[in-house]
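Remarks on the overall topology
Listed below, chain by chain, are the residues.
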Amino acid sequence: MFNVDKIREDFPILKRTVHGKSLVYFDNAATSQTPQVVIDTIVDYYSNYNANIHRGVHTLSQEATDKYEEARIKIQKHFNAEKAYEIILTSGTTHGINMIASGFASLLKTGDEIIVSALEHHSNIVPWQMLCEKTGAILKVIPMDEDGTLRMDIYHELLTNKTKIVFCNHVSNALGTINPIEEIIHAAHKFGAAVLIDGAQATPHIKPDVQELDVDFYVASAHKLCGPTGVGVLYGKEEWLQKLPPYQGGGEMIETVTFDKTTYAGLPHKFEAGTPNICGGIAFGAAIDYMNSVGFETIASYENELLEYATSKLLNIEGLKIYANNKCKTAVISFNVNDIHPYDIGSILDKLGIAVRTGHHCAQPIMDFYKIPGTIRASFSFYNTKEEIDVLVAGVKRATMMLS
Ligand code: C6P
């Protein structure tokens, strides 16, 4: 039986006040809060075994190395990757995408095509545009519909033998839409194209199985699933990771170095140049353990309850419009009230202790589609409550009255 009060005890930050009011944290899509067990892991690392990894014969270094590699295995199991060395630890989703986009420069030629969805975060647009500039490849876009879903009929028409890679998010950060990635992957593979899925917004709610999905690359950030910032994961199928060149040169990614020639280390080290975020990686493992102890089915079903509750309450507010109020979404509500600027409502909500994100959410093409400057985005997590949603609804009503 899910007990949200007990869960909230795990998150010390939820006890704080903002402007004299109890914090209502609805900016979970930007970053999630951190449970005590993850904070303890970070403190334990710096208090007891802070050392560089894969380098020292001394005890601290070996302990740190063991814990870091244990974390890699936890991440491997969580995503159901076949091999631990298919798990590359990165600084986050943005880093993972840039690694692959940069690597594909060696595989593409002028006239090759790559396909992106209209629902992407800038992180999954800009690196590919840079790749097109470098290689002469052509970027094609799967358009979206008014309800925030992708035009899959057009996607199927865009795929040709020239398509080399397709990239799409699993869940849209601005709207919460869950994209049909199984269909996207399956169709791309028929044309021999690779697929990269940006799982930044899916992983806090869904446990992806990379083998079942048969995806070529899957990227995510620890800080969206109760872990620390500055660490993330790039899953890549072994065959692809072998084919791609390293992203950065430096320590730990080499086998031998002479001034004539350097040979590269095997996976995963080939893609992990320099001292990594050791503490972050270990804490990422602790965060995954924590999320699994709550259980992803429990998380999804409780968050869905919050989503339905909030949607019906917010829609009672006159002039409030929810963008992409489709059936297949995670617990994200992107909305505006009449023509009030989202920033103005967000600022008043902040004075009431309510944290939401306002603006274009690093997804400007989506805002352009709706012809709006931005939205107010309330994104829920399993530690939020219906009472907090009531506070949000009252806050939006109050802000609307003040600004109308
Ligand atoms: N979205 C949001 O408020 P990083 O910054 O590398 O951890 O994640 C980038 C990123 C990539 N893809 C998607 C779908 C994302 O949502 C994000 C991060 C945050 O929506 C911060 S902009």
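Just so you know, these numbers come straight off a predicted model, no measurement behind them. (Residues numbered from 1 in each chain as written. Predicted model: local features only at pLDDT ≥ 70, side-chain atom pairs only at ≥ 80, totals over all residues. Heavy atoms only, no water.)

Description of the sheet that holds strand β6 (residues 138–142)
This is how it is decided: Pairs of strands are assigned from DSSP output, requiring at least two bridges between the strands. A run of DSSP states H or I qualifies as a helix once it reaches four residues; a run of E qualifies as a strand once it reaches two. Both are numbered from the N-terminal end. To define axes, lines are fitted to C-alpha atoms, for helices over the stretch in contact only, and angles between the resulting N-to-C directions are given on a 0 to 180 degree scale. It only takes one pair of heavy atoms within 4.5 Å for two residues to be counted as in contact.
Read across the open sheet, the seven strands follow the order β4-β10-β9-β8-β7-β5-β6; overall the sheet is mixed. Among the strands making up the open sheet, the edge pair consists of β4 (87–90) and β6. Averaged over all neighbouring strand pairs, the angle between strand axes comes to 20 degrees, with direction disregarded. In the sheet, strand β5 (residues 113–117) pairs with β6 via five bridges, with the strands oriented parallel. Bridge pairing in β6 links Ile115 to Lys140. The strands that helix α3 (residues 59–79) touches are β4, β9 (217–221) and β10 (232–236); relative to β4, the one it contacts most, it runs at about 115 degrees.

With respect to the environment of His360
Test applied: Throughout this description, a polar contact denotes any pair of N or O atoms lying within 3.5 Å of each other; where both atoms belong to protein, one of them has to be capable of donating a hydrogen while the other can accept it, and for residues adjacent in sequence the pair is counted only when both atoms sit in side chains.
Within the secondary structure layout, His360 lies in the loop between β16 (357–359) and α13 (364–370). Sequence spacing of His360 and Thr375 is 15 residues, and the spatial spacing of their C-alpha atoms is 6.6 Å. Beyond its immediate stretch of four places on either side in the chain, His360 contacts His122, Met367, Pro373 and Gly374. There is a polar contact of 3.4 Å between the side chain of His360 and the side chain of Gln364.

Some remarks on unusual backbone geometry
The step from Leu267 to Pro268 runs through a cis peptide bond, and the omega angle for that step is 0 degrees. Mapping Pro268 onto the fold places it in the loop between β12 (262–264) and α10 (278–294). The phi torsion at His54 lies on the positive side, around 60 degrees, for a residue other than glycine. Checked against the element boundaries, His54 lands in the loop between α2 (36–48) and α3.

A closer look at the environment of Phe79
Under the convention used in this document: Using a 1.4 Å probe on the protein chains alone, a residue whose accessible area is under 20% of its type maximum counts as buried, one over 50% counts as exposed, and one in between counts as partly exposed.
Here Phe79 shows up in helix α3. A relative accessible area of 2% means that Phe79 is categorised as buried. Distance from Phe79 to Asn52, taken between C-alpha atoms, is 26 Å for residues 27 residues apart in sequence. Apart from the residues lying within four places of it in its own chain, the contact partners of Phe79 are Thr203, Pro208, Asp209, Val210, Tyr218, Ala220 and Val233.

A short note on the site of the ligand
What counts is decided by this rule: The rule for a residue being near a molecule or strand is that one of its heavy atoms must lie within 4 Å of it. Reported accessibility uses the Shrake-Rupley method at a 1.4 Å probe radius. Residues are deemed covered only where the shown protein chains occlude them. Note on residue categories: nonpolar means Ala, Val, Leu, Ile, Met, Phe, Trp, Tyr, Cys or Pro, charged means Asp, Glu, Lys or Arg, and polar means any other residue, Gly included. Domain ranges listed in this record stem from an automatic or a database domain assignment.
As a matter of local geometry, the ligand sits amid 16 residues, with Thr94, Asp198, Gln201, Ser221 and Arg357 nearest to it. At a separation of 2.8 Å, an oxygen atom of the ligand approaches a polar side-chain atom of Asn173. Look at the ligand: alone it shows 510 Å² of surface, and the protein chains cover 86% of it. A class-by-class count of the residues in the shell around the ligand yields four nonpolar, eight polar and four charged. Two domains each provide a minimum of three residues to the shell around the ligand, namely domain 1 (4–30 + 295–403) and domain 2 (39–293).

Quick word on the nonpolar core
How we decide: The nonpolar core is taken to be a set of buried Ala, Val, Leu, Ile, Met, Phe, Trp, Tyr and Cys residues, with the residues joined through side-chain atoms within 4.5 Å.
Counting residues in each nonpolar core, the largest one holds 105 residues, and the members touching the most others are Tyr155 and Phe382. Per-element tally for this core: the top contributor is α10, with eleven residues. Both of domain 1 (4–30 + 295–403) and domain 2 (39–293) provide at least three residues apiece to this core. Setting aside its immediate chain neighbours within four residues, Phe382 contacts Phe2, Val4, Ile7, Phe11, Cys226, Tyr290, Met291, Val294, Ile299, Tyr302 and Glu303. Counting 25 residues, the second largest nonpolar core, distinct from the first, contains Leu131, Cys132, Leu196 and Leu241.

Details of the packing of aromatic side chains
Quick note on the threshold: Under the pairing criterion, centres of Phe, Tyr and Trp rings, with the six-membered ring standing for Trp, must be within 6.5 Å; the plane angle then separates stacked pairs below 30 degrees from edge-to-face pairs above 60, leaving the rest tilted. Distance and angle both matter: a charge sits over a ring if NZ of Lys or CZ of Arg is within 6 Å of the ring centre and within 35 degrees of the ring normal.
The full count for this structure, using the stated rule, is 16 aromatic pairs. A centroid spacing of 5.2 Å and a plane angle of 85 degrees characterise the contact between Tyr45 and Tyr49, whose relative ring orientation is edge-to-face. Each ring, one from Phe104 and one from Phe217, has its centre 6.3 Å from the other, and the planes form 80 degrees; the classification is edge-to-face. In this pair, Phe104 is assigned in the loop between α4 (93–103) and β5 and Phe217 in strand β9, connecting sequence segments 113 residues apart. The class for Phe104 is buried, based on a relative accessible area of 2%. When its relative accessible area of 0% is taken as the criterion, Phe217 is described as buried. By way of ring pairs, the aromatic residues Phe11, Tyr290, Phe382 and Tyr383 are connected into one cluster. The cationic tip of Lys243 hangs over the ring face of Trp240; the distance from NZ or CZ to the ring centre is 4.1 Å.

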